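Take a look at the letters that make up each chain.
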Amino acid sequence: IKLYNVHEDYLNMYFMFEFANFGDLMDFSKESTFKKIKGIIKPEQTIDFSRQVSEAVVFCHSHDIVHLDIKQENILLHKQDNKLVCKLCDFGWAM
């Protein structure tokens, strides 16, 4: 997820991130969300999601970053050019 802007006032910090228009993988995998794509998650889609997340982890590791909290809620989905793109987020526990 891209960070676009940071704003700070005397009490808080505000971060403006890229919008993931399909929510997270946990919500996507719930029954009610299937209506968005008119079907269930197909094996090909699961393979594609796994590949994208693996590539994100390899990228992080190549920059000496370990995420430490990869789970469905920390994988955001964005529909781009009629394809769902996985975005790894929440690096709060990262080292």
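Quick notes on the rules
Residues numbered from 1 in each chain as written. Predicted model: local features only at pLDDT ≥ 70, side-chain atom pairs only at ≥ 80, totals over all residues. Heavy atoms only, no water. Helix = DSSP H or I, 4+ residues; strand = E, 2+ residues; numbered from the N terminus. Buried < 20%, exposed > 50% of the residue type's maximum accessible area, 1.4 Å probe, protein only. Contact = heavy atoms within 4.5 Å. Phe/Tyr/Trp six-rings, centres within 6.5 Å; stacked < 30°, edge-to-face > 60°. Salt bridge = Lys/Arg side-chain N within 4 Å of Asp/Glu carboxyl O.

## Points about the environment of Ile 70
Then step 1. Summarising the element assignment, Ile 70 is placed in the loop between α2 (43–62) and β3 (75–80).
Then step 2. Given the relative accessible area of 41%, Ile 70 is considered partly exposed.
Then step 3. With sequence-adjacent residues up to four places away left out, Ile 70 is seen in contact with Val 53, Val 57, Ile 75 and Leu 88.

## Digging into the packing of aromatic side chains
Then step 1. For the structure shown, the criterion picks out 3 aromatic pairs.
Then step 2. Taking 6.3 Å as the distance between ring centres and 55° as the angle between the ring planes, the aromatic pair formed by Phe 22 and Phe 28 counts as tilted. Each member of the pair, Phe 22 together with Phe 28, is buried.
Then step 3. A relative accessible area of 0% means that Phe 28 is categorised as buried.

## Points about the pattern of salt bridges
Then step 1. According to the stated counting rule, one finds 5 salt bridges in the structure shown.
Then step 2. A salt bridge links Asp 48 to Arg 51; its shortest N-O distance comes to 2.6 Å. Here Asp 48 and its partner Arg 51 are both found in helix α2, 3 residues apart, which amounts to about one turn of the helix.
Then step 3. On the basis of relative accessibility, which here comes to 35%, the residue Arg 51 falls in the partly exposed class.
Then step 4. Taking the shortest distance from any N to any O, the salt bridge between Asp 69 and Lys 71 comes out at 3.8 Å.
Then step 5. Via salt bridges that share partners, Asp 48, Arg 51, Glu 55 and Lys 83 belong to a single interconnected network.

## Observations concerning unusual backbone geometry
Then step 1. We note that Asp 81 has phi near 50°; this positive angle belongs to a residue other than glycine.
Then step 2. When you line up the elements, Asp 81 lands in the loop between β3 and β4 (83–88).
Then step 3. Given the relative accessible area of 75%, Asp 81 is considered exposed.
Then step 4. Positive phi is not limited to glycine here, since Asn 82 has a value of about 65°.
Then step 5. Within the secondary structure, Asn 82 is located in the loop between β3 and β4.

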